[in-house]
Amino acid sequence: QVRVVESGGDLVQPGGSLRLSCAASGRFVSINDMGWHRQAPGKQREMVARIDSGSYTNYADAVQGRFTISRDNAKNTVYLQMNSLEPEDTAVYYCYARVFELVFGTRDYWGQGTQVTVSS
């Protein structure tokens, strides 16, 4: 079984910063992609950022230049540094890990989500 656990969500003022963390644990051979999606109230879930095993990154246009994704392969952990936060960034942020398992092959595992609220 693979577990993905996020942390770091909080209430922050507009213009502020926040750092989310996400750790994957369990039985797997390797982790390919890791990344973050978010879902705001009344909206569909959307991709925020992703990083592959070679540290190649992709960002949504809405966060480009403000958010930075990074990973620590030794810790099976991915981070999302969020700067210049806006009220529109308010959402539940979900982390995923795309892992390779001997029995099941490649599968995506998701965390439970962490709430980020940007408000004065």
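My aim in this report is to walk through the structure given alongside it, one point at a time.

Conventions and cut-offs
Residues numbered from 1 in each chain as written. Predicted model: local features only at pLDDT ≥ 70, side-chain atom pairs only at ≥ 80, totals over all residues. Heavy atoms only, no water. Helix = DSSP H or I, 4+ residues; strand = E, 2+ residues; numbered from the N terminus. Buried < 20%, exposed > 50% of the residue type's maximum accessible area, 1.4 Å probe, protein only. Contact = heavy atoms within 4.5 Å. Lys, Arg positive; Asp, Glu negative; His and termini not counted. Charge placed at Lys NZ, Arg CZ, Asp CG, Glu CD. Core = buried A, V, L, I, M, F, W, Y, C linked by side-chain atoms within 4.5 Å. Polar contact = N/O pair within 3.5 Å; in protein donor to acceptor, adjacent residues only side chain to side chain.

**Quick notes on the overall build of the chain**
Okay, so step 1: Of regular secondary structure, the chain possesses 0 helices and 11 strands.
Okay, so step 2: Reading the chain from its N terminus to its C terminus gives the helix and strand order β-β-β-β-β-β-β-β-β-β-β.
Okay, so step 3: Once the C-alpha set of the chain is aligned to its principal axes, its extents read approximately 50 × 25 × 20 Å.
Okay, so step 4: By the burial criterion, 44% of the 120 residues in the chain qualify as buried.
Okay, so step 5: Sequence-distant contacts, at least 24 apart, represent 54% of the contacts inside the chain between residues at least 6 apart.
Okay, so step 6: Within the chain, the 12 negative side-chain charges are centred at a point lying 6 Å from the centre of the 12 positive side-chain charges.

**Here's the deal with the nonpolar core**
Okay, so step 1: Formed by 32 residues in total, the largest nonpolar core has its most connected members in Trp36, Leu80, Met82 and Tyr93.
Okay, so step 2: Taken together, the elements giving at least two residues each to this core come down to β1 (2-7), β3 (18-26), β4 (30-39), β5 (46-51), β7 (67-72), β8 (77-82), β9 (91-101) and β11 (114-118).
Okay, so step 3: The biggest single contributor to this core is β9, with 5 residues.

**Notes on the side chain of Arg66**
Okay, so step 1: For Arg66, the location among the structural elements is in the loop between β6 (57-59) and β7.
Okay, so step 2: Here the side chain of Arg66 touches Asp89 through a polar contact of 2.8 Å, side chain to side chain.
Okay, so step 3: Apart from the residues lying within four places of it in its own chain, the contact partners of Arg66 are Gln81, Met82, Asn83, Ser84, Leu85, Glu86 and Asp89.

**Details of unusual backbone geometry**
Okay, so step 1: Although it is not a glycine, Ser55 adopts a positive phi angle of roughly 70°.
Okay, so step 2: Tracing the backbone through its elements, the reader meets Ser55 in the loop between β5 and β6.
Okay, so step 3: The class for Ser55 is partly exposed, based on a relative accessible area of 43%.
Okay, so step 4: You will see that Asn76, though not glycine, has its phi angle at about 50°, which is positive.
Okay, so step 5: Relative to the helices and strands, Asn76 resides in the loop between β7 and β8.

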